[in-house]
Structure formats: structure tokens, C-alpha cells
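Descriptive structure summary
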Amino acid sequence: MTEETNLETRIAEQDVFEPPASFVEQANVTDAGIYEEFEENWPDCWEGAADLLSWDEDYETVLDDSNPPFYEWFTGGTLNASYNCVDRHLPERADEVAIEWVGEPTDESNRSITYGELHREVNEFAAALRDLGVSEDDVVTMHMPMVAAHPVALLACARIGAPHSVVFAGFSAEALADRMNAADSEYLITADGYYRRGDPLDHLSKSREGVADVDHDVETVVVDRLGDDGHGHDLRADEHDYDDLMAAHEGATVEPVERDAEDMLFLMYTSGTTGKPKGVKHTTAGYLAWTAWTSQNVLDVKPEDTYFCSADIGWITGHSYIVYGPLALGTTTTMYEGAPDYPEQDRFWEIVDDLDVTQFYTAPTAIRSFMKWGAEYPERHDLSSLRLLGTVGEPINPKPWKWYYTHIGGEECPIVDTWWQTETGGHMVTTLPGVNDMKPGSAGPPLPGVDAQVVDGDGEEVPAGGAGYLTVQKPWPGMLRTLYNNDERFIEEYWAEYSDTESDDPEDWVYFPEDGAKVDEDGYITVVGRVDDVVNVSGHRLGTMEIESAVVSADHVAEAAVVGADHDVKGETIHAYVILESGVDDEEAVRKHIENAVEDKIGPIARPERIVFTPELPKTRSGKIMRRLLEEISDGEELGDTSTLRNPEIVRDIEAEVRGE
Ligand code: WT7
């Protein structure tokens, strides 16, 4: 056996990995006593997180739990998020890089935006937004690709106290319009286009189509990303060129607005069980304290680092761990515009090498792609600047974990497998990299001060080795405060399952993230996946019900059921089982209709990878579609109980159809 296969075999057999000594030596947190300390001091243990921020007015109360589940944190305090992420770093770090922006075209140089420059741009854009009419508490929507103006826009909104609502640029016009209508948002920031795998893609047409469906007037700001490669859009009267606005406000300054701790910082729409996306509301102090504290203690961020998270700012990971957490700590955060395999499959490693990246944070789906592409790509580069690796978004199996550990981390970097959600604001379950052993496949223990428990159907904690549902038994500063304009649905979606909703005792309130989980003898939690109708395609959260209504809206579709099927690289992928209207037999045409409908209503990421036409769907006697059976067919699994079906024979027919292809 060669030395290399020896190494691979040893690692393949290893279940527990100690934090590398070279990492522990310099880690931000190394004392295991933190768990007990936080438990004993709860909720005052979170004062340390609040101390990471600069306050205009000190807070009076750490936690106000008088009206559960409407918890409030750091009440009485006032602060500004943009001041915390920019201004306060100026005395020490004005000439240090805040944002390393890497464009996709390789002949274009990076933009290294210093804190001084970021301060200037945020001020100018904040002044421009005010002149457009944006007032405190107006919701500003963004539908932006990964341009440098994106973080500037977030921080400019925060500066004037205007909550932002970011809609992932890959989402369709209709998805944009829905969210703008739901949030009564009269302002949109978008871009003419962006580069993807070398092509200059048009984006403005899609945003415009969305604006056309908004039921009130909208002022739009357009970032010119493509220049001469653009698609010849002439701006209209209600559209304003970003660069012109900046030039018109050159040198302008805007005093950061003093916001109450509990004032809304932003909204983010995410998918849930029912068709309508949920507007998750995050507030200023708790969210910022949470993202700063976890960036420091989980991602081990230090001001002198060059940190790189490969997410898109259109998702919560980008909000929390490209923008707010890292910038609150005054570090250098990296954002990359393009695809990981452009121009070649070593693009991320080239960035790590060029910028001497110290932490790299990505999703398991990306790691599975790296693995498929092969170790030769990282081997082309010097990755020795890396100190820590992270993963987020879905469960990671031991095999890709170990590949990441070996081929990217060179066995010198701890991996943090961070479980959290849009709703939690930041990390909840993960090892502390300088404290805990790592167990590939398991996220780890709940963070200090986080009371996550795996419970059974009755809400009783399962014993070590057991499986059940993940819950969080106590509030935490980064939690969502409600669903925008919908307190009732907030309770229904997240609390009703395991709480006594009549009670005003916080002990009776339990947060339910809708994930299934296992717990081992060391208290390590392995999150298995969603137990609701949410699927996770390449780390993107999509609601099967939303996709189903898009499929059903297509011409000639009578009925449909959409399920998430296992996928090697994406984690899950979409399969649609479809009944055609009677008399229709052009399956190819309907397939196209379905694909277009899904792209129009949601976006290309939700497009079904497989569409199976069937004369019937498996239904219970009461007429409910048994999606579980369809999922089993899609996954090639042994079929479960079909005895409660009204039409058990159809299952075999569908199975034969799927397997036969
Ligand atoms: C859902 C939340 C958190 C930012 C990105 C996704 C799944 C997330 C893990 C992990 C297993 C994970 C859960 C969760 N998830 N991280 N480390 N291990 N599953 O945010 O779109 O709100 O999705 O992602 O199912 O509920 P999101």
C-alpha cells in the first residue's frame, strides 16, 4: 500500500477527530467550561455577545420574556448596524480591506474595498436612498446578483433604518412581485445583469417583469454590472442608475439612525409547508449580536483574517456570514460573483491561494461536487493559509466530510458543521472548533446557552442513541421575532407543535424547526432533514407545495404531486408526478409547459429534474395523496405500507414506469 492509501484508509476508519493542535493554540475559544458557565448564567450569558457591539444607549434588560413567544432581547438599548459594521472600525482599520470582491471574468481585477471606501460608499448610497424618498421603516427590496453594491445597499438601508428584503436573484419575476406586494415595498435595487460561466446574462428584464406585477408604484435603482456587455436597456423615469446616484451624492454623509434594539433590521422570505412564502423578521441588536458572536466563536474570525463564504447574499447565509457577522468584527470578507467551475474547477482554490484565505465556509452540495471533480484541482494550489473550514445548509455524510478535511484542510483545519436556519439568524448546533472533538456526519452539541433537544412525538426528550425531532427549548438573541404581519402564522408554524399556546410561562413554549434529528451519548446532534414539505436542493430551501401549485398551473395538467428525491450531488432534487387532462397526449409539450410554469413562478432552481406522467396518483381513502410512496419510488426504496390506499395497484404501475426508463 502506498502512503496515500494508508492515509485514506486510516481516515476512512476514523469516527472522531480532535481539533488540530495548531488551530487550538490560536483559537478564540478553547475553554470547555463555557458550556457550564453559560448554562448557569442564562440568559445573562448573552451579555458577552451584546458587548461585541457598540451601543448608542445601553440596554436595560437582556431578555424580556413576559409575552412568549414574542421574546425581546437587549431592550432599552439603541444602536445602528451600519455604524457597527463600518464606522466604528475606521480609527484602526480605515485602510484595511473590508470586502474582497472577486468578479467572475478572470481578466478583471478584484476590488479590494477598504473600510474607508466602504464607509464612503455606504454614506453616499444612504444619501441617495433618502433622496429617492426612502424613510425609516420603509422596506427596500433587493433582487441583486453578487455585485459589490449589494453589501453596500444592505448597509445603506441599515444606516437609515430602512429594513431590507432580499429576494435571491435566481428567483423569478413573479416571486419578486409576490414578496414586494406582501411587504408593501416601494423600492427595488437590482442590476442590469451578471456574468455566469462567461456569459453576460440579462437580469433587468426579469426584475422589470416583477415590478410590472407589483400593485403600487416602485422606484428602482439599477446597478450597471455589464457595461458594454449589457443588453441595451435604456433606463425609464422610475429607474435610476446606481453610478449616477453615487456621483450625485459624492462625499455626502448620513448620520446613522439610532435604532431600538428590537427595531426590524430586515425581512427574508423563506419557504414553508404551505404555498405562501413566510416573511421572517429579524431585529437589530439580537441578530447582530448573534452573528457577531458566532462568527467569532464558531468561525474563529479575527480582524486580521481573510474570510471567504461562498454563499449568495440572497440567502440567509450570505446576510449573516458574508455581511453582518464578519463586518461587525472588522475582518476582511470575500465575495465571489461567479460559478465555482469557471473557468475551471479550481476557481475557489485559486481564490483561496491568491487572497490567502483563512476560513472557507460552503455547503455540502459544493463539497460533493469538489469530490466528484477530483483532488487534482485543490492540489494545483497552495491552501496552507486555511485555518478553519465550515459547512452549512444540509446534512453532510462522513465521506465528503473526510474528503474536505483531507484535501482542502490538509488535516490541519477543524470543520464546523453548522446547523441553523433562516429563522434562527445564525448558528445553533455545531462544535466549537477549539474545544470539541469532531464526528463526521454529526453537527455536534448545541452551542453554549442554546437549549436544543431531540424529543419524541409527545415532546419528551429522547434518550442518548435515540431519534426524533429537533426542538429549541429556550429563546436566543438571533431568533426571528415573528412572521411579517402574521403573528398567528408565526405561532402556528414554529410553536404550536410542542407548546402550550395558552400559557404565558416561557417554560411552556418550545420552538420547532421542523427537522428530524438523532442524539448520541455525548449529546452530539445529527440533523437528518426536514419533516415538513420543504426540500433542500443544493442547499436551497424550496417548498414542494409551492412547486406543486406551479406545476398544476401549467396547461393540460389535471393534478400533480411534487416530492424531493435523493440526489448524489444536490442532496435532493425535484420529481413531479403528473396527471394529464383527459384527451391530452402530447407529453413533450406538457413537459415544456410545466418547466416554464415552474421557472416563471419560482425560478430555474425549482425546475423538476424528472416529470413522470401517470393516470392516477396514490391516494388514501379520504383522498389524500400519499407523497411518501412517491418519494420511495423516486429513491428506489422498498415501498412502505400501501394498505390504506384506495388504489394500491397504481403504485406498482408508477414504479414500473419509473424503473423502466
Ligand atoms: C434548513 C434551513 C442555515 C443557512 C442555510 C439554510 C437544513 C441547515 C444544516 C446542517 C443538516 C442542515 C435544515 C434546516 N440545514 N444546516 N448543518 N446539517 N441540515 O437555511 O434555507 O433556512 O434552511 O437547512 O433542514 O432546517 P434555510
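The structure presented is a predicted model; accordingly, all values stated were derived computationally and were not measured.

What counts and how
Residues numbered from 1 in each chain as written. Predicted model: local features only at pLDDT ≥ 70, side-chain atom pairs only at ≥ 80, totals over all residues. Heavy atoms only, no water. Helix = DSSP H or I, 4+ residues; strand = E, 2+ residues; numbered from the N terminus. Rg over C-alpha atoms; globule rule 2.2 N^0.38 Å. Buried < 20%, exposed > 50% of the residue type's maximum accessible area, 1.4 Å probe, protein only. Contact = heavy atoms within 4.5 Å. Lys, Arg positive; Asp, Glu negative; His and termini not counted. Charge placed at Lys NZ, Arg CZ, Asp CG, Glu CD. Near = heavy atom within 4 Å. Polar contact = N/O pair within 3.5 Å; in protein donor to acceptor, adjacent residues only side chain to side chain. Areas by Shrake-Rupley, 256 points an atom, 1.4 Å probe, with all protein chains shown as cover. Nonpolar A, V, L, I, M, F, W, Y, C, P; charged D, E, K, R; others polar. Expected span 1.5 Å × (residues − 1). Arc of directions from axis to C-beta. UniProt positions renumbered as here; feature names shortened; annotations may be inferred. Domains from an automatic or database assignment. Core = buried A, V, L, I, M, F, W, Y, C linked by side-chain atoms within 4.5 Å. Pairing = 2+ DSSP bridges. Axes fitted to C-alpha atoms, helices over the stretch in contact; angles between N-to-C directions. Patch = residues over 30% accessible without salt bridge, like charges linked within 9 Å, V, L, I, M, F, W, Y side chains within 5 Å. Salt bridge = Lys/Arg side-chain N within 4 Å of Asp/Glu carboxyl O. Parallel < 35°, antiparallel > 145°, perpendicular 65-115°, else oblique. Left-handed = near helix turned anticlockwise from the far one by under 90°.

**Here's the deal with the overall build of the protein chain**
- Helices and strands together make up the secondary structure of the protein chain, namely 22 helices and 30 strands.
- Computed over C-alpha atoms, the radius of gyration of the protein chain comes to 25 Å, within 12% of the 26 Å expected from 2.2 N^0.38 for 661 residues, which places it in the range of a compact globule.
- Based on the C-alpha atoms only, the size of the protein chain along its principal axes is roughly 75 × 65 × 60 Å.
- Put simply, the protein chain has 661 residues, and 61% of those count as buried.
- The contacts in the protein chain between residues at least 6 apart in sequence include a share of 70% that link residues at least 24 apart.
- Each charge class in the protein chain can be summarised by its mean position, and for the 47 positive and 136 negative side chains these summaries are 6 Å apart.

**Overview of unusual backbone geometry**
- Cis geometry is found at the peptide bond from Trp 42 to Pro 43, where omega equals 0°.
- Along the chain, Pro 43 turns up in the loop between α3 (34-41) and α4 (47-50).
- Although it is not a glycine, Glu 514 adopts a positive phi angle of roughly 65°.
- The exposure class of Glu 514 is buried, given its relative accessible area of 12%.

**Comments concerning the site of the ligand**
- Taken together, 17 residues lie around the ligand, and Asp 417, Thr 418, Thr 422, Asp 515 and Arg 541 are the ones closest in.
- Asp 417 places a side-chain nitrogen or oxygen 2.8 Å from a nitrogen atom of the ligand.
- Residue Gln 421 places a side-chain N or O atom 3.0 Å away from an oxygen atom belonging to the ligand.
- Contact with the protein chains covers 95% of the free accessible surface of the ligand, which is 560 Å².
- When contributions to the shell around the ligand are tallied by element, the ones reaching two or more residues are α13 (316-328), β20 (415-418) and β25 (525-530).
- Of the residues contributing to the shell around the ligand, the split by class is 6 nonpolar, 6 polar and 5 charged.

**Examining helix α22 (residues 649-660)**
- A rise of 1.5 Å per residue sets the reference length of α22, with its 12 residues, at 16 Å; its end C-alpha atoms lie 17 Å apart and thus fit the reference within 8%.
- Among the residues making up α22, those that are buried are Ile 650, Val 651, Ile 654, Glu 655 and Val 658. Summarising the axial view, the buried residues of α22 lie within an arc of 135°, below the 170-degree limit, and thus occupy one face.
- Tucked into the core, α22 has its buried residues touching β29 (571-580), β30 (610-613) and α21 (627-634).

**Some points on the UniProt feature "domain: Acetyl-coenzyme A synthetase N-terminal" (unreviewed entry) in the protein chain**
- This chain's UniProt record puts "domain: Acetyl-coenzyme A synthetase N-terminal" (unreviewed entry) on residues 34-85.
- The annotated region residues 34-85 carries 33% helix and 19% strand content, and the separation between its end C-alpha atoms amounts to 26 Å.

**Observations regarding the domain arrangement of the protein chain**
- What the domain assignment reports for the protein chain is domain 1 (3-417), domain 2 (452-484 + 491-530) and domain 3 (534-658).
- Between domain 2 and domain 3, the C-alpha centre-to-centre distance is 30 Å.

**With respect to the nonpolar core**
- The biggest cluster of nonpolar side chains holds 122 residues, and the ones touching the most others in it are Phe 74, Leu 118, Phe 125 and Tyr 324.
- Leave out the neighbours within four places in its chain, and Phe 125 touches Val 152, Ala 153, Ala 156, Ile 189, Val 221, Tyr 242, Leu 245 and Met 246.
- If you look at the next biggest cluster of nonpolar residues, it comprises 34 residues, including Trp 315, Val 535, Val 590 and Ala 597.

**Side note on the sheet that holds strand β21 (residues 452-455)**
- One open sheet holds the 4 strands; their spatial order is β21-β22-β24-β25, and the pairing between them is antiparallel. The two strands at the open ends of the sheet, each matched to only one other strand, are β21 and β25. Shown here is a sheet whose adjacent strand axes are inclined to one another by a mean of 40°, direction ignored.
- Where strand β24 (residues 515-519) lies against β25, 5 bridges are found, and the strand directions are antiparallel. Opposite Gly 516, over in β25, you have Gly 529 as the bridge partner.

**Here we look at the environment of Gln 473**
- Here Gln 473 lies in the loop between β22 (467-472) and β23 (482-483).
- With 23 residues separating them along the chain, Gln 473 and Val 450 place their C-alpha atoms 8.2 Å apart.
- Excluding anything up to four places from it in sequence, Gln 473 contacts Asp 451, Gln 453, Val 455, Trp 509 and Val 510.
- A distance of 2.9 Å separates a polar atom in the side chain of Gln 473 from a polar atom in the side chain of Thr 471.

**Observations concerning a negative patch on the surface**
- Residues Asp 44, Glu 47, Asp 51, Asp 56, Glu 57, Asp 58, Glu 60, Glu 255, Glu 258 and Asp 260 make up a contiguous surface patch of negative charge.
- When you line up the elements, Asp 56 lands in the loop between α4 and β1 (61-64).
- The class of Asp 56 is partly exposed, set by a relative accessible area of 41%.

**Here's the deal with the pattern of salt bridges**
- As enumerated under the stated definition, the model contains 38 salt bridges in all.
- When the shortest N-O distance is used, the salt bridge between Glu 493 and Lys 278 registers 3.1 Å. Of the two residues, Glu 493 sits in helix α18 (residues 487-494) while Lys 278 sits in strand β15 (residues 278-283), which places them 215 residues apart along the sequence.
- Looking at Glu 493, the relative accessible area reads 11%, which means it is buried.
- The exposure class assigned to Lys 278 is buried, which follows from its relative accessible area of 1%.
- For the salt bridge of Arg 652 with Glu 655, the shortest nitrogen-to-oxygen distance reads 3.2 Å. Here Arg 652 pairs with Glu 655, and both are found in helix α22, just 3 residues apart, close to one helical turn.
- Here the salt bridges do not stand alone but share partners, grouping Glu 136, Asp 137, Arg 259 and Asp 263 into one network.

**Re the pairing of strand β4 (residues 97-102)**
- Across the 6 residues that make up β4, a large majority, 6, are buried.
- Bridge analysis of β4 against strand β5 (residues 111-114) gives 4 bridges, and the strand direction is antiparallel. What sits directly across from Ile 99, in β5, is Ile 113.

**Quick look at α18**
- Arg 489, Phe 490, Glu 493 and Tyr 494 are the residues of α18 that are buried. Here the buried residues of α18 occupy an arc of 110° about the axis, which is enough to place them on one side. Seen from the open side of α18, the exposed residues pointing more than 90 degrees away from its buried face are Glu 488 and Glu 492.
- At its buried positions, α18 is contacted by β15 and β23.

**Digging into the packing of α21 against α22**
- Their axes nearest at 10 Å, the elements α21 and α22 cross at an angle of 30°. Accordingly, the angle class assigned to the pair α21 and α22 is roughly parallel. In this structure, the crossing between α21 and α22 has a hand that is right-handed. Taking contact as the criterion, the partners of Leu 629, Leu 630, Glu 632 and Ile 633 in α21 are, on α22, Val 651, Ile 654, Glu 655, Val 658 and Arg 659.
- When the residues that make up the contact of α21 with α22 are grouped by side-chain class, the tally is 6 nonpolar, no polar and 3 charged.

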